[in-house]
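An overview of the molecular structure
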Amino acid sequence: MATERSPTVKRLADSKLLNDAARRACRYLEDLEERPVAPAAAAVAELEHLGGALPEEGMAPSQVLALLDEAGSPATIASAGGRYFGFVTGGVLPAALAAGWLASAWDQNAFSTVSSPVGAAIESIALDWVREVLALPDDCAGAFVTGATMANFTALAAARHAVLARAGWDVEAHGLFGAPPVTVVVGEEVHATLFKIIGLLGLGRERVMTVPVDDQGRMRAEAIPELTEPAIVCAQAGNVNSGAFDPMAAICARAHGDGAWVHVDGAFGLWAAAAPAYAGLLDGVAEADSWATDPHKWLNVSYDSGIALVRDADSLRAAMSSSAAYWPTGTTREPFHYTPESSRRARGVEIWAALRSLGRRGLADLVECNCGMAARIADALRGAGHEVLNEVVLNQVLVSFGGADTTNRVVSALQEDGTCWCGPTVWKGRAAMRISVSSWATTDEDVEDSISAMLRIAAAHR
Ligand SMILES: *Cc1c(COP(=O)(O)O)cnc(C)c1O
């Protein structure tokens with residue numbers, strides 16, 4: 001049947017509206033150079049204009065966009081810019097941003113090869129490239145999820161399946177009621193989100209066995225107790241404060257000797273594998289059984305974007321697979337067999353675009369450049385007499401400006417000053433400021449301006 005295009009269909013491509021969105025986005029990004037990194041309190045207060053009771057009548061899309069831009073843009077934190085050193089998150093790369101816009105217009109459901117042939121194919125390609133740049137086994141299975149929290153969940157669900165299957169227990173069929181107890185081992189410096197995941201998996205936040213760490217937060221492999229199966233050891237590649245790496249080779253040797261599964265939380269640290277100068281920090285990482293990482297951290301794609309990788313594809317599928325009469329059954333990789341979610345956006349597109357635009361060399365340069373900047377900031381702070389609390393092995397710097405009160409006041413004043421943004425933390429019982437250099441957008445000038453602001457504000461609080 002020949003179909004007349006209805007007015008609704010014609011309105012799909014409202015180029016005036018979409019160009020207006022692009023124009024506003026470009027202006028937003030250009031303005032980031034000039035504006036304070038943290039939004040003004042007054043701008044955040046203005047957000048109330050977006051709320052109130054939902055009006056009975058609709059509003060033209062162009063007006064909706066204008067309202068969002070006028071009220072929303074000034075209330076953002078300038079994390080897409082070059083002087084944001086909070087958490088461990090980069091800014092979005094141009095290729096990833098633009099590809100993400102196009103993919104938003106595609107409006108693909110990356111659930112399956114049928115709902116999105118392009119989404120499924122690009123995920124497979126991105127997965128190949130990610131395994132390659134991270135130097136992980138090329139036959140491990142992967143899942144695209146929202147972040148490292150869900151990547152840890154996904155990988156540990158596969159681990160839970162495998163260690164219980166070896167003990168003769170089918171956890172997917174029978175749950176944990178009556179199952180052999182699973183020992184879960186973490187380092188004292190494990191990321192907070194791991195406990196949430198361990199709780200969600202029914203493994204018990206308080207049943208976890210904690211292994212002591214050294215002065216940089218690295219798990220002491222020799223302190224891992226003798227384990228009996230079933231057991232899972234969670235190692236960490238990149239401590240969120242110090243940037244330190246657990247000794248992977250020693251942990252894998254120790255844990256595998258006792259038949260345990262080794263999982264690596266490498267939310268940002270796994271990306272060090274892409275840079276020859278830093279890959280040595282990950283020695284032995286490919287010996288592990290599963291890995292979690294965050295493209296939305298060091299690969300500089302937009303939120304949300306995490307990846308779980310599992311050596312034994314069958315275990316991941318056993319934990320995640322589902323089927324229905326109206327779903328595809330072929331032999332090609334179906335994303336829904338590997339992830340906890342079903343309907344999803346096509347996250348692989350941005351990962352593909354970021355990797356394709358950087359190439360292997362560009363990714364190595366990004367990591368090395370950020371690490372060099374972190375070292376320069378640490379040197380400048382030390383040079384001015386401030387105490388850097390960690391060995392700066394990667395992109396993380398922890399600095400104390402004296403006592404806890406002084407340090408916290410410097411952090412607040414720096415955030416208020418707006419030149420750059422760094423957050424507070426506590427390291428080994430001492431208050432510190434965290435500086436994470438993770439963005440492609442950070443220039444040498446950003447680094448110099450930020451150092452000047454830190455030293456100026458610290459001097460004022462002496
Ligand atoms: C950031 C981080 C997480 C949590 O990642 P999300 O992307 O926020 O879910 C977990 N572990 C480590 C080591 C991290 O740095």
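For the structure given in this document, a descriptive report is provided here. From a predicted model like this one, the values you see are computed outputs, not experimental measurements.

A word on the sheet that holds strand β6 (residues 290-293)
Across the sheet, seven strands lie side by side as β1-β7-β6-β5-β4-β2-β3; this open sheet has mixed pairing. The sheet is open, and its two borders are formed by β1 (141-145) and β3 (209-211), each paired with just one other strand. Put simply, the sheet's adjacent strands are angled 20 degrees from each other on average, direction ignored. Here four bridges tie strand β2 (residues 183-187) to strand β4 (residues 231-236), and the two strands are oriented parallel to one another. Bridging across to β4, Val186 finds its partner in Cys234. The strands touched by helix α7 (residues 148-166) are β1, β4, β5 (261-265), β6 and β7 (306-310); relative to β5, the strand with the most contacts, the crossing angle is about 180 degrees.

Thoughts on the pattern of salt bridges
Within this structure, the stated rule accounts for 22 salt bridges. Residue Arg166 is joined to Glu229 by a salt bridge in which the shortest nitrogen-to-oxygen separation is 3.6 Å. Residue Arg166 is found in helix α7, and its partner Glu229 is found in the loop between β3 and β4; the two are separated by 63 residues along the sequence. When the shortest N-O distance is used, the salt bridge between Arg376 and Glu448 registers 3.2 Å. Note that Arg376 is positioned in helix α12 (residues 348-383) and Glu448 in helix α14 (residues 444-460), a separation of 72 residues in sequence.

A short note on the pairing of β4
Within a regular beta strand, the side chains point alternately toward one face of the sheet and then the other, so they alternate between its two faces. For β4, the buried fraction is high: six of the six residues fall into the buried class. Alternating residues of β4 divide into Ala231, Val233 and Ala235 and Ile232, Cys234 and Gln236, and every residue in both groups is buried. The sheet contact formed by β4 and β5 spans five bridges and is parallel. Across the sheet, residue Ala235 finds its bridge partner in β5, namely Val264. In this view, the connection linking β4 to its parallel neighbour β5 by way of helix α10 (residues 248-257) has right-handed handedness.

So, the packing of aromatic side chains
A full pass over the atoms with the stated rule returns seven aromatic pairs. Ring geometry for Phe87 versus Trp421: centroids 6.2 Å apart, planes at 20 degrees, classification stacked. Here Phe87, found in the loop between α4 (61-72) and α5 (94-106), pairs with Trp421, found in the loop between α13 (404-417) and β10 (423-427); they are 334 residues apart in sequence, far enough to count as distant. With centroids separated by 5.0 Å and ring planes inclined at 75 degrees, the aromatic side chains of Phe111 and Trp327 adopt a geometry described as edge-to-face. With Phe111 in the loop between α5 and α6 (117-133) and Trp327 in the loop between α11 (313-320) and α12, this residue pair connects regions lying 216 residues apart in the sequence. The two residues Phe111 and Trp327 agree in class, both being buried. Ring-pair connections join several aromatic residues into one group, and the members of that group are Phe111, Tyr326, Trp327 and Phe336. For Lys428, the ring lying beneath its charged end belongs to Trp427, and the centroid distance is 5.4 Å.

Re the sheet that holds β10
Spatial ordering of the open sheet is given by β8-β9-β11-β10, a layout of four strands whose pairing is antiparallel. Each edge of the open sheet is held by one strand with a lone partner, namely β8 (387-388) and β10. Taken strand by strand, α12 contacts β8, β9 (396-400) and β11 (430-436), and its axis lies near 15 degrees from that of β9.

Overview of the site of the ligand
Near the ligand lie 14 residues; those nearest to it are Thr149, Asp265, Asp294, His296 and Lys297. With respect to the ligand, the side chain of Asp294 contributes an N or O atom lying 2.5 Å from an oxygen atom. With respect to the ligand, the side chain of Lys297 contributes an N or O atom lying 2.9 Å from an oxygen atom. In terms of residue class, the shell around the ligand is made up of four nonpolar, seven polar and three charged.

Observations concerning α5
With 13 residues, α5 should reach 18 Å at 1.5 Å per residue; the first-to-last C-alpha distance of 18 Å fits that figure. Within α5, burial applies to Ala96, Ala99, Gly100 and Ala103. Projected onto a plane normal to the axis of α5, the buried residues spread over an arc of 110 degrees and lie on a single side. Across from the buried face of α5, at angles greater than 90 degrees, the exposed residues are Ser104 and Ala105. Structurally, α5 contributes buried residues whose contacts are with α12. Just downstream of α5 lies Asp107, where phi reads positive at about 55 degrees.

About the criteria used
Numbers given to residues run from 1 along each chain, matching the order in which its sequence is written. Thresholds applied to this predicted model are a pLDDT of at least 70 for local features of residues and 80 or more for the giving and counting of side-chain atom pairs; totals over whole chains, interfaces and linings are not thresholded and use all residues. In computing side-chain properties, one takes all heavy atoms of the structure into account and sets aside hydrogens as well as water. The pairing criterion is simple: DSSP has to find at least two bridges between the two strands. Where helices and strands are cited, they refer to DSSP runs of H or I of at least four residues and of E of at least two residues respectively, numbered from the N terminus. To obtain an axis, a line is fitted to C-alpha atoms, over the contacting stretch when the element is a helix, and the angle between two such axes runs from 0 to 180 degrees between their N-to-C directions. Contacts are assigned to residue pairs with any non-hydrogen atoms lying within 4.5 Å of each other. One speaks of a salt bridge when a side-chain nitrogen belonging to Lys or Arg is within 4 Å of a carboxyl oxygen belonging to Asp or Glu. Buried, partly exposed and exposed residues are distinguished by accessible area as a fraction of the type maximum, computed with a 1.4 Å probe on protein chains only: under 20%, between the cut-offs, and over 50%, respectively. Look down the strands so they point away from you; if the path from the first strand over the helix to the second goes clockwise, the crossover is right-handed. Geometry of aromatic contacts follows a simple scheme: Phe, Tyr and Trp rings, the Trp one being its six-membered ring, pair when their centres are within 6.5 Å, and the pair is stacked under 30 degrees between planes, edge-to-face over 60, tilted otherwise. Each ring is checked for a lysine NZ or an arginine CZ that lies within 6 Å of its centre and within 35 degrees of its normal; such an atom marks a charge sitting over the ring. Near, as used in this document, describes a residue that has one of its heavy atoms within 4 Å of the molecule or strand being considered. Polar contact is defined as a pair of N or O atoms within 3.5 Å, subject to the rule that within protein one atom must be able to donate a hydrogen and the other to accept it, and that residues adjacent in sequence are counted only when both atoms are side-chain atoms. When residues are grouped by polarity, Ala, Val, Leu, Ile, Met, Phe, Trp, Tyr, Cys and Pro land in nonpolar, Asp, Glu, Lys and Arg in charged, and all others, Gly among them, in polar. For a helix, the expected span equals 1.5 Å multiplied by the residue count minus one. Directions drawn from the helix axis to the C-beta atoms are what define this arc.

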